[in-house]
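Each chain, written out:
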Amino acid sequence: MPANSALQPERHLPCLEPVRAGNRLDLAVVLPTYNERENVPLILAELAQHLHGLRWEAIFVDDDSGDGTADVVTACAVETPNVRLIHRVGRRGLASACIEGMMATHAPVIAVMDADLQHDTAILPEMLRRLRRESLDVVVATRNASGGSMGEFERGRVLLSRCGQKISQSICRCELSDPMSGYFLLRREFLMEVVRDLQGEGFKILVDLLASSSRPVRVGEVGYTFAARRHGESKLDLVVGIEYLFMVVNKLLGNALPPRMAMYLMVGGFGLLVHLVTLLTLMRLHHMHFVEAQFFATTLAMVANFFANNRITFRDRQLTGARVLPGLAKFALACSFGAWANVVLSRALLQSNVEWYLAGLSGIVLGSVWNLSVSSVFTWPVRRRSTVSAAPGRFRSAVEAVR
């Protein structure tokens, strides 16, 4: 088989119905992707089968996948104008990808679903009928109500989903059995009501949409069975759960605390704990002089903070391989200036008769803001160009729309 044969859509797939100029779309299906190469032709075949008779388009939003997903979508788009590609370079994140995809269509109804074949495309027509029939804002595909099932979900994942469901009820302006669902339909009018208040980070875009509404949301549900993934790997992990919790907190605080800042402060708290434990251990157990112990504790805490931030705070720009050590050096340099600013401000406030704890807190805030700002630019800059190599011709313009 030729090396680039996987880029060609399978010839036996059902023909996708073209959307001709002047025709009004019934539905746009937004599919965020990252390393979903094998699943693209399969999900298109399912959509063609179950949306027959509707005027629809599929919008793939790919975060510069290293496996050539964008090339597969482009090859499929050559065959039919129903398929469009938004190829994002230097940006990553499920929620932001969904938002860009939803804003890129003029369709009056938009579906958001995964491209990993775990969401049942067969219920899309029923979801659309219910949205129209009951004049709803959103219809959610649920795993927790009548007709729904978690399928072969691991017990731990089921428990995590249940916990997320309970937490999300505090900020969603409606009653839902499955607010953690990543499969839903919404009206474009509703999207435009809330889009400017969306946080746009993390994995749970549905909760973000519902919590950003200033009025009660008209919501319906359709049950489905969550299927097992056929290809690729799940992106759900502990960090996703942390991001979700911070999104809930931020919504409760009226968007006053950006999630990245919250995660940076959480990592800073972890670093402070590492520092104090190390300092105490070296001084009490090893009888080391304070200055020496402070140096070792500071160094260890700085290294721990770097790796924690690399994995959690800046996971979308994570440094790997040969870029780790230079990144650590930049982070240490940035934190040194932040520490200096912390001390200068704290001492100035203390000399101005400000209470010591307020002076110390002010110094910590200034140092943290400085460190986050500088780290965002110099230690974890947005990558403008991918270094992975895939099939020939995979580098396209940042946004491709093939009609």
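Look up: the structure comes first, before these words.
Computed from a predicted model, the values in this text were never measured in an experiment.

Student: Please explain the pattern of salt bridges as it appears in this structure.
Tutor: Pairing is possible between side chains of opposite charge, provided their charged atoms come close. For the structure on display, the rule yields 12 salt bridges. Put simply, aspartate 137 and arginine 215 hold a salt bridge, and the shortest N to O gap is 2.9 Å. Taken together, the positions of aspartate 137 in the loop between helix H4 (124-133) and strand E5 (138-142) and arginine 215 in the loop between helix H7 (205-211) and strand E7 (219-223) put the pair 78 residues apart, joining distant regions of the chain. By relative accessible area, which is 2% here, aspartate 137 ends up buried. Put simply, Glu126, Arg129, Arg130, Arg133 and Glu134 are held in one network by salt bridges that share partners.

Student: Just checking my understanding: could you explain the sheet that holds strand E2 (residues 56-62) for this structure?
Tutor: Two orientations exist for strands paired in a sheet by backbone hydrogen bonds: parallel and antiparallel. Read across the open sheet, the seven strands follow the order E3-E2-E1-E4-E6-E5-E7; overall the sheet is mixed. Across the chains shown, the open sheet's two edge strands, defined by having one partner strand only, are strand E3 (83-87) and E7. Strand-to-strand, the axes of this sheet are offset by a mean angle of 20°, without reference to chain direction. As paired elements, strand E4 (residues 109-112) and strand E6 (residues 184-187) share four bridges and run antiparallel to each other. Residue pairing across strands places isoleucine 110 opposite leucine 186, the latter belonging to E6. Helix-sheet contacts for helix H3 (residues 94-103) involve strand E1 (27-33), E2, E3, E4 and E6, and the interaxial angle to E1 is about 150°. Sheet strands in contact with H4 are E4, E5, E6 and E7, and its direction is about 35° off that of E6.

Student: Looking at this structure, how should I read unusual backbone geometry?
Tutor: For aspartate 64, which is not glycine, the phi torsion reads 55° and is therefore positive. Tracing the backbone shows aspartate 64 in the loop between E2 and helix H2 (69-79). Notably, serine 135 is not glycine yet its phi reads approximately 50°, a positive angle. For serine 135, the position within the fold is in the loop between H4 and E5.

Rules used throughout
Residues numbered from 1 in each chain as written. Predicted model: local features only at pLDDT ≥ 70, side-chain atom pairs only at ≥ 80, totals over all residues. Heavy atoms only, no water. Salt bridge = Lys/Arg side-chain N within 4 Å of Asp/Glu carboxyl O. Helix = DSSP H or I, 4+ residues; strand = E, 2+ residues; numbered from the N terminus. Buried < 20%, exposed > 50% of the residue type's maximum accessible area, 1.4 Å probe, protein only. Pairing = 2+ DSSP bridges. Axes fitted to C-alpha atoms, helices over the stretch in contact; angles between N-to-C directions. Contact = heavy atoms within 4.5 Å.

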